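Chain by chain, the residues run as shown.
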Amino acid sequence: MPIGVVALAAVLFVLVSLLGGGEVGMPAWAETVAAMAAVVSLLAAVFPLPVRRRQEAGEGGAAGGAGPPPVRRDLRRDSWGWFAVAAACWLAGSVAGAVSPGLLDTSSGALSLADLFYLAAIAALTTGFIVPVQLPRDVGTWVRYIADTYVCVAALFVFGWVAEFGTLYHLSGESPAEFVLELLYPLVGIVLLWGALPFVLGAARPYRPGVWTAYLALTAFVIADVVSMAVRLRGDAAPVGDIGDAARVAGLLALGLAPWITPPPRGDEPAAEDAEFDGGLPRGRMIGPGIAPAAVGAAAAIFVAGHSLTGSRGMEPVVSLIAGSAVLVMLARLAGLQRENDGLRRAVGAGEEHFRALAESINDLVLICDLNGVVQYVSDKAHRTYEHVPDDLLGRSVTEFIHPEDLPHVEEVYGEFLTTDRPALRISCRVRAADGTWLPTESTVSRYTSSRVLITTRDLSEQAALQRQVTHLTFHDGLTGLPNRAYFEERVHEVVGREPSPETVAVLFVDLDGFTAVNDSAGHAAGDQVLAQAARRLRSAVQADDTVARWGGDEFAVLVENSDEARSIVELAERLLRVLTAEPYRAGEREVVLSASIGIAFADDPPSGDSERRSGAELIRNGDLAMARAKELGGGRVEVYAAHMHTDVVRRLELGADLQRALAEEQFALEFQPVVELDTSRVTGVEALVRWWRGSESVPPQDFIRPAEESGLMITLGDWVLRQACRQVARWRAESWQVDLSVNFTARQIAAPRFVESVAQVLEETGLPPQALTVEVTEAVLVEDAGQTVERLSALRELGVRLAIDDFGTGYASLAHLGRLPVDVIKIDPSFVAGLGRDETRTLLTRAIVRLGHDLGLTVVAEGIERPEQLELLRQMNCPRGQGFLVARPMAPGPAESLLRTNLTTVQDTVPDDSGEPGVRLPGSALSPG
């Protein structure tokens with residue numbers, strides 16, 4: 001709308017001028033309309049209409065999404081406000097001029113009211129140029145500004161006096177004071193025109209179109225004043241719409257259009273390079289006119305010199321005075337510039353020296369090159385690091401020293417750098433030293449001048465070597481030098497993730513059996529020596545492209561990538577087993593013989609015929625499971641992974657979790673299996689057996705005892721069994737039933753801290769006499785860590801607790817421990833009893849065990865009596881005691897108490913009758929493994 005108002009005013013002026021709308025009122029009326037249009041346009045820019053405010057708020061809210069944008073100061077509106085003041089003053093002056101025509105009141109020799117409004121308008125217009133600019137705070141800048149402005153104004157005045165003002169002065173016949181008033185408008189206009197130029201030149205980029213439009217308006221006003229003064233002093237008749245009036249109207253219209261040249265700036269609009277910020281919006285700075293004063297002064301001097309040579313009159317004193325003062329100011333200004341140049345030259349020299357000193361002091365190579373990469377400066381680091389003579393590098397291109405493989409990439413990124421505004425570029429490449437070696441480097445390229453670049457190059461040889469060392473330490477074992485677990489896992493994932501190939505891929509896990517004993521007996525240094533020997537044996541027994549790694553502890557892993565068939569991998573495992581066990585290992589001052597357990601897992605699972613390729617994690621897991629299975633079976637063997645191994649492990653883990661919950665929910669129960677005298681059928685004791693009822697399902701002991709042992713829950717479960725059994729048997733003994741208690745203990749329970757103290761505490765709390773408790777241990781428990789086990793069992797024996805060896809005859813250490821440990825009872829393994837009457841060898845062995853017990857004064861108990869002929873043969877062998885399903889099954893505390901109350905001594909006949917059927921048997925509630 002404001003643009004339309006200004007355009008309509010211009011059209012009306014042109015139409016009225018063409019139609020001849022009056023000889024007197026027409027110019028003032030047109031100027032008044034143009035001034036009014038400018039005022040309306042500028043006020044509309046300073047105070048936006050409500051519709052425009054809503055549009056700006058809507059745009060800000062849509063952009064931010066959180067209501068109207070924050071209010072920020074728009075410096076352009078400050079300028080437009082002063083421009084509006086200038087237009088309003090011009091409007092007031094035009095109205096006053098229409099009422100009282102004439103620029104000067106010649107009768108009084110003073111300015112009229114209209115003239116005062118016009119001068120105020122020019123001053124306000126100039127102020128509008130200064131408002132959006134950051135003014136300098138140092139005095140020197142203002143002195144230079146005043147000097148430059150004075151020189152330009154003086155030169156223009158001399159030029160104007162010689163060209164026109166001198167002639168007008170003689171024609172007017174006025175006194176110098178009166179003629180100065182005539183020159184007031186032109187002089188003030190010229191001063192303001194040159195004074196505003198530095199602020200116009202330094203306007204921020206978003207403000208420049210409107211500022212330059214307003215500056216053109218100021219120029220039009222100055223031209224109009226000069227033309228009007230010349231026409232008036234020459235006495236010519238001023239036609240309607242002369243060039244002066246047209247210039248004023250054009251200036252007013254241009255002033256009104258100034259705010260609408262560009263849209264209002266946004267709050268996120270970036271500032272120009274020469275702008276500062278004020279409240280988030282750019283702010284300009286004052287820029288000197290440069291060589292303009294000297295150029296204008298020189299042009300004025302040439303013009304004056306030419307006029308002096310060709311003119312009829314000499315120079316006026318005022319010209320000489322002003323010209324001379326301008327020359328003096330110019331000379332002073334040149335002297336100041338000379339001092340500034342000397343200071344800058346010294347600063348540049350000092351900067352060069354500082355640059356060279358800095359370049360020589362840092363560890364990086366410093367180069368200055370042209371845009372084509374030709375070396376113009378090189379620091380001494382070129383000789384110290386790369387052994388190049390610096391002078392030999394000058395004039396040569398840096399591309400001569402870059403590795404051919406890195407050169408294409410370097411040229412590509414450097415070309416992109418030159419075409420963009422990026423301040424710096426970082427490049428990694430290899431650089432050739434004087435001896436021909438290629439050194440890894442990292443270079444930073446930055447712009448030094450418009451035609452040169454600065455390159456700093458750092459030698460990364462030490463960092464690369466350190467990186468290689470760190471990488472080696474990260475992926476290799478420090479003891480054996482083999483790849484470590486991290487490298488092996490990464491390699492397995494890489495090989496398994498490749499495209500399927502005809503070759504068979506497999507992993508072998510190797511564990512040294514009995515290695516813990518080496519550390520315990522000979523020390524960890526000797527153990528490390530054994531591991532290093534094992535690693536060398538493994539590495540020498542595999543192909544060069546196979547990967548041998550130390551998995552951890554005494555475990556190793558082998559990745560076979562290119563085998564023809566599965567059979568060859570199994571043969572490799574057997575060869576590794578022979579290599580590891582064939583010769584003794586040197587462990588310090590002694591030699592040790594170790595066996596090994598090896599597990600094999602195939603990526604394609606060829607044994608099962610499954611064509612689906614396993615993942616790397618599954619392959620490693622399966623190999624470890626196969627190795628663990630080989631150790632479970634006694635070690636010294638090779639096992640190939642089968643699916644049931646993983647199923648068994650998962651089942652044991654699930655059982656471990658269920659055991660934890662079963663302990664908390666008290667899902668366990670005790671059953672007691674009687675032990676009787678075979679001759680009298682009298683019950684002499686009971687063996688406590690734990691049962692797990694998971695809901696309505698009974699879990700066999702052989703299924704949960706081992707998971708409980710592996711998970712560590714056996715200690716808690718064993719304490720509960722011992723406490724409950726002792727409490728029950730103590731109650732029976734309190735009722736005068738002389739019955740003993742037998743409880744089985746595992747290796748984990750015996751090795752637990754305060755084992756002896758906990759057993760003694762349970763006996764004290766329950767009131768069971770120590771001699772009524774028999775601790776049963778298997779021969780395997782005595783073999784594992786025999787020293788500590790024998791020591792703790794002997795401590796129990798000193799408390800009065802009786803000791804029994806369970807499953808006697810199945811271990812090689814039985815007789816040895818009979819000599820070391822004060823045993824009270826030996827229990828014949830059910831496998832011997834099962835062969836009575838059917839296997840002559842087992843019958844002879846059973847008879848020998850019974851005779852051995854008699855000779856050593858030990859109580860012998862036969863386990864697993866299930867047939868009448870077994871009972872009869874044991875009686876014939878004079879075996880004192882026995883237990884089994886034929887005698888009595890395991891039973892809950894209630895039935896067991898009934899049995900004890902009646903006792904088997906009331907049973908008259910427990911041997912088979914003529915029909916072959918046994919006599920009285922009390923059925924138990926569940927089968928028992930022992």
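For the structure, check the block above.
What counts as what
Residues numbered from 1 in each chain as written. Predicted model: local features only at pLDDT ≥ 70, side-chain atom pairs only at ≥ 80, totals over all residues. Heavy atoms only, no water. Pairing = 2+ DSSP bridges. Helix = DSSP H or I, 4+ residues; strand = E, 2+ residues; numbered from the N terminus. Axes fitted to C-alpha atoms, helices over the stretch in contact; angles between N-to-C directions. Contact = heavy atoms within 4.5 Å. Phe/Tyr/Trp six-rings, centres within 6.5 Å; stacked < 30°, edge-to-face > 60°. Buried < 20%, exposed > 50% of the residue type's maximum accessible area, 1.4 Å probe, protein only.

The five strands are arranged β7-β6-β10-β9-β8 in an open sheet whose pairing can be described as antiparallel. The open sheet has two free edges, formed respectively by β7 (375-378) and β8 (424-432), since each of these has just one partner strand. Going across the sheet, the axis of each strand differs from the next one's by a mean of 25 degrees, ignoring polarity. Both β8 and strand β9 (residues 438-447) contribute to a ladder of nine bridges, which runs antiparallel. Looking at the pairing, Val431 lines up with Leu439 of β9. Relative to the sheet, helix α15 (residues 407-419) contacts β6 (365-370), β8, β9 and β10 (452-459), its axis offset from that of β8 by approximately 155 degrees.

Another aspect to go through is the packing of aromatic side chains. In total, this model carries eight aromatic pairs according to the counting rule given. For the ring pair Phe488 and Phe509, a centre distance of 6.5 Å and an interplane angle of 85 degrees mean the geometry is edge-to-face. One end of the pair, Phe488, is in helix α17 (residues 485-496); the other, Phe509, is in strand β11 (residues 504-513), with 21 residues separating them in the sequence. Under the relative-accessibility criterion, Phe488 is labelled buried at 0%. Using a relative accessible area of 0% as the deciding quantity, one classes Phe509 as buried. Between Phe672 and Trp732 the ring centres are 5.3 Å apart and the planes differ by 65 degrees, which places this aromatic pair in the edge-to-face class. Of this pair, Phe672 sits in strand β18 (residues 668-677) while Trp732 sits in helix α24 (residues 714-734), placing them 60 residues apart in sequence.

Counting buried positions over the eight residues of strand β16 (residues 595-602) gives seven, a clear majority of the element. Relative to β16, β11 runs antiparallel, the two sharing eight bridges. Paired with Leu512 across the bridge in β16 is Ala596. The pairing of β16 with strand β17 (residues 638-640) spans three bridges and is parallel. Across the sheet, residue Ile600 finds its bridge partner in β17, namely Val640.

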